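Below, each chain spelled out in residue letters.
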Amino acid sequence: MAFGIAQKEGLDSYEVKKKLVENINKLSSEDVKYLALEMDNLIHKSVQENETIDDNNVEKDFVSFLIRLYY
């Protein structure tokens with residue numbers, strides 16, 4: 001995700017990753033649970049079901065949540 005944002009915004013991916021980590025550390029416990037659950041679902045789809053993860057099989061609310069983590 002950091003790499004994609006860095007490319008789109010013309011930024012250094014390390015700096016984007018650093019900002020994402022800082023923002024993740026500020027999340028409430030409920031948001032951390034949501035993030036972990038959704039990431040677990042994506043990993044399961046990718047590894048167990050051999051799905052390619054893209055905007056067609058990721059819930060729009062989760063995509064919005066991830067975007068808010070950076071912006």
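Preceding this section is the structure that the text describes.
Residues numbered from 1 in each chain as written. Predicted model: local features only at pLDDT ≥ 70, side-chain atom pairs only at ≥ 80, totals over all residues. Heavy atoms only, no water.

Asker: Go over the overall build of the protein chain, please, and point to the residues and values.
Answerer: What the protein chain contains, in helices and strands, is 4 helices and 0 strands. Reading the secondary structure of the protein chain in the N-to-C direction produces α-α-α-α. A principal-axis box enclosing the C-alpha atoms of the protein chain has dimensions of 35 × 30 × 20 Å. Out of the 71 residues belonging to the protein chain, those deemed buried represent 24%. Here the contacts in the protein chain between residues at least 6 apart in sequence split such that 51% fall between residues at least 24 apart. Entry remark: accessible area of the protein chain is about 5,400 Å², with carbon and sulfur atoms responsible for 53%. (Helix = DSSP H or I, 4+ residues; strand = E, 2+ residues; numbered from the N terminus. Buried < 20%, exposed > 50% of the residue type's maximum accessible area, 1.4 Å probe, protein only. Contact = heavy atoms within 4.5 Å. Areas by Shrake-Rupley, 256 points an atom, 1.4 Å probe, with all protein chains shown as cover.)

Asker: Which residues make up the packing of helix α1 (residues 2-9) against helix α2 (residues 13-25), and what are the values?
Answerer: Look at α1 against α2: their axes get within 8 Å of each other, and the N-to-C directions meet at 125 degrees. Between α1 and α2, the angle falls in the class oblique. For the crossing formed where α1 meets α2, the hand is right-handed. Across the interface between the two elements, A2, F3, I5 and A6 of α1 pack against S13, V16, K17 and L20 of α2. Here the residues of the contact of α1 with α2 are counted per class, giving 6 nonpolar, 1 polar and 1 charged. (Axes fitted to C-alpha atoms, helices over the stretch in contact; angles between N-to-C directions. Parallel < 35°, antiparallel > 145°, perpendicular 65-115°, else oblique. Left-handed = near helix turned anticlockwise from the far one by under 90°. Nonpolar A, V, L, I, M, F, W, Y, C, P; charged D, E, K, R; others polar.)

Keep in mind that these numbers describe shape and distance, not what the molecule does.
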